[in-house]
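Per-entry structural report
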Amino acid sequence: MNLRVTLVFVLGLASAAPPCAAAEPAPRLRLADVVEEARRRNPEIQAARDRARAADSVPRRVTGYDDPTFSWEAWNTPESFRIDRADNNILRLSQRIPFPGKRTLAGRMAERDADMAHRETDAVELDVIAAVKRAYYDLWRLHQDLLIYAREKALAERFAHIAEQKYGVGQVPQPDVLRAQVELTRGINRVTTTELTIDAARAELNALLSRPPEDPLGEPEHPSPPRLDEDVATLTRRALESRPELAAQRAAVAREETSVHLARRNYLPDFELGVARFLNSGRSDGFGAMASVSIPLVYKGKYDAAAGEANARLASAQAELRRVEDRVRREVQQAFIRARTAQLQYDLFVTTHIPQAEQTLRVTESAYQSGAVDFLALLDSLRAIESVHIEHIDAAADFERARADLERAVGGPLALPASPAPHQESSHE
């Protein structure tokens, strides 16, 4: 195939690809709006809130007495079953009454269960918000990658024109033009595949918002430059004070302490009181009363076992609290290191790598036009600057994902930079 025809075909394919830079900008997708929508619509959060509401109803139920019992008895009834001729018809109303304090302790245990359910709801909400932020910045990263690939495609197209012109006057060999075509086709493929990856990332974020996968989403806003204003020791102290998992486990310890008290109270007897009305055939009617008491010491072994179980559960809850504290410290430390590493990488790209790569590309292009270097040097510069910009965006996205994990580890949002600045990409003129 004629080389000029081939080049025209490739350039036509490039122009047919969606021109990202020239397209009408999509509406911005604000992170705060996405997080608020997740709080309202995410089914995992809603289910946790419903469980907490259910737990709130338990204390009132367990502190109430058993239902009173009404009974009727007929004594010495005739074979004809004439109830009105029975020697005695007894109508009795009775009520079982636990030893004072047992129902109160059971209510306190249920209250601690409700506390745990509410703290678990807080933990679920933190999990979902962290997942939303990670998905949000994954989507942002892909949008930025698309812009980078579109820019590099445009550069490859320009270099292909330069190579064709130089080949036309015999200044460069034919492989230069072929390499330019390969690089241009590579750029077109990158743009196309990244657009598909954006659709997958959009579906992930829509799932967290309980939306259909194909629902449109705007382009995420640029994050502020990476910055951490608090040290790891301060963040760890905050986490130990505010993590809902720790609050839930402390409630669990309090519950088991109450359970120990209840196990001891169960050694004491319960009571039953009743009143009765006697309807006597041929004799005067009358009233009666009844009082009974349980004798737990007869089967003391089962109460000993219950007390042993309660003490073991308390020891287990206390050990679990220490385990959660250790886990919280580890999670804060790991997320902080990831965020700090990403911040350092980002700063290095902004201050050193990107300016050097941009300058190298400008110098190499001028040198190629003057014939001082070959096309492979220009191609290496093009790929190097693409790699630098991609790694720069990856560092920014990694920081935001690590920041989301750090906020999850701390149990709340971190302080934002005082004066956020929009992210800007360097451009090669």
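Conventions adopted
Residues numbered from 1 in each chain as written. Predicted model: local features only at pLDDT ≥ 70, side-chain atom pairs only at ≥ 80, totals over all residues. Heavy atoms only, no water. Pairing = 2+ DSSP bridges. Helix = DSSP H or I, 4+ residues; strand = E, 2+ residues; numbered from the N terminus. Phe/Tyr/Trp six-rings, centres within 6.5 Å; stacked < 30°, edge-to-face > 60°. Lys NZ or Arg CZ within 6 Å of the ring centre and 35° of its normal. Salt bridge = Lys/Arg side-chain N within 4 Å of Asp/Glu carboxyl O. Buried < 20%, exposed > 50% of the residue type's maximum accessible area, 1.4 Å probe, protein only. Contact = heavy atoms within 4.5 Å. Polar contact = N/O pair within 3.5 Å; in protein donor to acceptor, adjacent residues only side chain to side chain. Axes fitted to C-alpha atoms, helices over the stretch in contact; angles between N-to-C directions. Parallel < 35°, antiparallel > 145°, perpendicular 65-115°, else oblique. Left-handed = near helix turned anticlockwise from the far one by under 90°. Nonpolar A, V, L, I, M, F, W, Y, C, P; charged D, E, K, R; others polar. pLDDT = per-residue confidence, 0-100.

1. Examining the pairing of strand β5 (residues 271-280)
As defined by bridge partners, strand β3 (residues 88-97) adjoins β5 across ten bridges and the pair is classed as antiparallel. For Leu93, the partnering residue across the bridge sits in β5 and is Val275. Looking at chain direction, β5 and strand β6 (residues 286-293) are connected through eight bridges and run antiparallel. Paired with Ala276 across the two strands is Gly288, which belongs to β6. Hairpin connection between β5 and β6: a loop of five residues separates the two successive antiparallel strands, and Gly282 in this loop has a positive phi of roughly 75°.

2. Quick notes on the packing of aromatic side chains
According to the stated counting rule, one finds four aromatic pairs in the structure shown. The aromatic ring of Phe287 is capped on one face by Arg277, whose charged end is 4.5 Å from the ring centroid.

3. A closer look at the pattern of salt bridges
The final tally for this structure, using the stated rule, is 40 salt bridges. Ionic pairing is found between Arg186 and Glu386, a salt bridge with its closest N-O pair at 3.3 Å. Of the two residues, Arg186 is situated in helix α6 (residues 174-208) and Glu386 in helix α10 (residues 375-410); the sequence distance between them amounts to 200 residues. Take Arg186: its relative accessible area is 23%, and that puts it in the partly exposed class. Here Glu320 and Arg323 are joined by a salt bridge, their closest N and O atoms 2.6 Å apart. One end of the pair, Glu320, and the other, Arg323, are both in helix α9 (residues 300-370), three residues apart, so they sit about a helical turn from each other. Among the residues examined, Glu320 registers a relative accessible area of 27% and is labelled partly exposed. Note on Arg323: relative accessible area 42%, which makes it partly exposed. One connected set of salt bridges, linked through shared partners, spans Asp127, Arg243, Glu245, Arg327, Glu331 and Arg408.

4. Topic: the environment of Glu245
Relative to the assigned elements, Glu245 resides in helix α8 (residues 244-265). Placed 208 residues apart in sequence, Glu245 and Glu37 show a C-alpha to C-alpha distance of 24 Å. Each residue touching Glu245, except ones within four places of it in the same chain, is listed here: Ala123, Val324, Arg327 and Arg408. A polar side-chain atom of Glu245 sits 2.8 Å from a polar atom in the side chain of Arg243.

5. Focus: the packing of α8 against α9
Direction vectors running N to C along α8 and α9 enclose 165°, while the axes themselves pass 9 Å from each other. Classified by the interaxial angle, the pair formed by α8 and α9 is roughly antiparallel. As α8 runs across α9, the sense of the crossing is left-handed. For the contact of α8 with α9, a count of residues per class yields 13 nonpolar, four polar and eight charged.

6. Description of the sheet that holds β3
What the four strands build is an open sheet, ordered β2-β3-β5-β6; its pairing is antiparallel. In this open sheet, the two edge strands, each paired with only one partner strand, are β2 (69-75) and β6. Here the strands of the sheet are splayed against their neighbours by 20° on average, with no regard to which way each runs. As paired strands, β2 and β3 are joined by seven bridges and run antiparallel to one another. Paired with Ser71 across the two strands is Arg92, which belongs to β3.

7. Details of the packing of helix α2 (residues 31-41) against helix α3 (residues 43-56)
Following both chains from N to C, one finds α2 and α3 inclined at 45°, their axes separated by 6 Å at the closest point. Taken as axis vectors, α2 and α3 run oblique relative to one another. The residues of α3 that touch α2, namely those facing Ala38, Arg39, Arg40 and Arg41, are Pro43, Ile45, Gln46 and Arg49. Here the residues of the contact of α2 with α3 sort into three nonpolar, one polar and four charged.

8. Focus on the confidence of the model for the protein
The pLDDT averaged across the protein works out to 87; a share of 91% of its residues lies at or above 70. Below pLDDT 50 for its whole length, residues 1-23 participates in 29 contacts with residues either more than four positions away or in separate chains. Contacts of residues 419-429 to residues separated by more than four positions or lying in other chains number 30 contacts, the stretch itself having pLDDT below 50.

9. Observations regarding the side chain of Lys133
Summarising the element assignment, Lys133 is placed in helix α5 (residues 102-168). Among the residues examined, Lys133 registers a relative accessible area of 16% and is labelled buried. Lys133 has contacts with Leu31, Val35, Ala404 and Glu407, leaving out every residue within four places of it along the chain.

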